[in-house]
Amino acid sequence: MIATLQKTADFFKGAGEPTRLRILGVLRHGELCVCDIMAVLDLPQSTASRHLAYLRNAGWLESRRKNKWVYYKLQHVSETEKIITDILNYMAGVPDIQKDYDAMARHLAEKKTTSCAG
């Protein structure tokens, strides 16, 4: 990734919204399916997909498709890795993000090994 002023601005704009910060917070713990993000953050599919696409286009996330579901994880690009890590470490102490972590742990424990439905 070649850093330009516009790409750098877009990267930071990507995280400039509370829902997108919440998504980044739960993805800190690893790859999740869109259905998991929807359940954990109590988001409609259209809202989750819009924010995930924005984050992917801004360089925060990478995605892969498995059947009809899309899975997202944090982008691992050496130029942005430290920035992402520092921001996510800071966010871990935000009470709203901690609530999302707790909701994610409950959701994944209930889900266990079942795949996404629908």
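Residues numbered from 1 in each chain as written. Predicted model: local features only at pLDDT ≥ 70, side-chain atom pairs only at ≥ 80, totals over all residues. Heavy atoms only, no water.

1. Observations concerning the nonpolar core
Here is the rule: Definition used in this section: a nonpolar core is a set of buried Ala, Val, Leu, Ile, Met, Phe, Trp, Tyr and Cys residues joined via side-chain atoms within 4.5 Å. Think of it in three bands: residues with accessible area under 20% of the maximum for their type are buried, residues over 50% are exposed, and the middle band is partly exposed, with areas taken using a 1.4 Å probe on protein chains only. Each helix is a run of DSSP H or I of at least 4 residues and each strand a run of E of at least 2, with the numbering of both proceeding from the N terminus. Residue contacts are counted whenever heavy atoms from the two residues lie within 4.5 Å of one another.
Membership of the largest hydrophobic core comes to 29 residues, with the highest contact counts inside it found for Leu24, Leu27, Leu52, Trp60 and Leu61. Those elements that place two or more of their residues in this core are helix H2 (18–27), helix H3 (34–41), helix H4 (45–58), strand S3 (69–74), helix H5 (78–91) and helix H6 (95–111). It is H3 that contributes the most residues to this core, five residues altogether. With sequence-adjacent residues up to four places away left out, Leu61 is seen in contact with Leu24, Leu27, Leu52, Leu55, Arg56, Tyr72, Lys73, Leu74 and Gln75.

2. With respect to the pairing of S3
Rules: A pair of strands is labelled paired if DSSP reports no fewer than 2 bridges between them.
Counting buried positions along S3 yields five of six residues, so the element is predominantly enclosed. Where strand S2 (residues 61–66) meets S3, six bridges bridge the pair, whose relative direction is antiparallel. Paired with Lys66 across the strands is Trp69, a residue of S3. What sits between the antiparallel neighbours S2 and S3 is a turn of two residues, in which Asn67 has the positive phi angle 60°.

3. Points about the pattern of salt bridges
Definition in use: Take a side-chain nitrogen of Lys or Arg and a carboxyl oxygen of Asp or Glu: if they are within 4 Å of each other, that pair is a salt bridge.
In total, this model carries five salt bridges according to the counting rule given. A salt bridge links Arg64 to Glu31; the nearest nitrogen and oxygen atoms lie 2.8 Å apart. Note that Arg64 is positioned in strand S2 and Glu31 in the loop between H2 and strand S1 (32–33), a separation of 33 residues in sequence. With relative accessibility at 33%, the residue Glu31 sits in the partly exposed group. A salt bridge links Asp36 to Lys111, with the nearest nitrogen and oxygen atoms 2.7 Å apart. Residue Asp36 is located in helix H3, and its partner Lys111 is located in helix H6; the two are separated by 75 residues in the primary sequence.

Bear in mind that shape data such as this cannot, by itself, settle questions of function.
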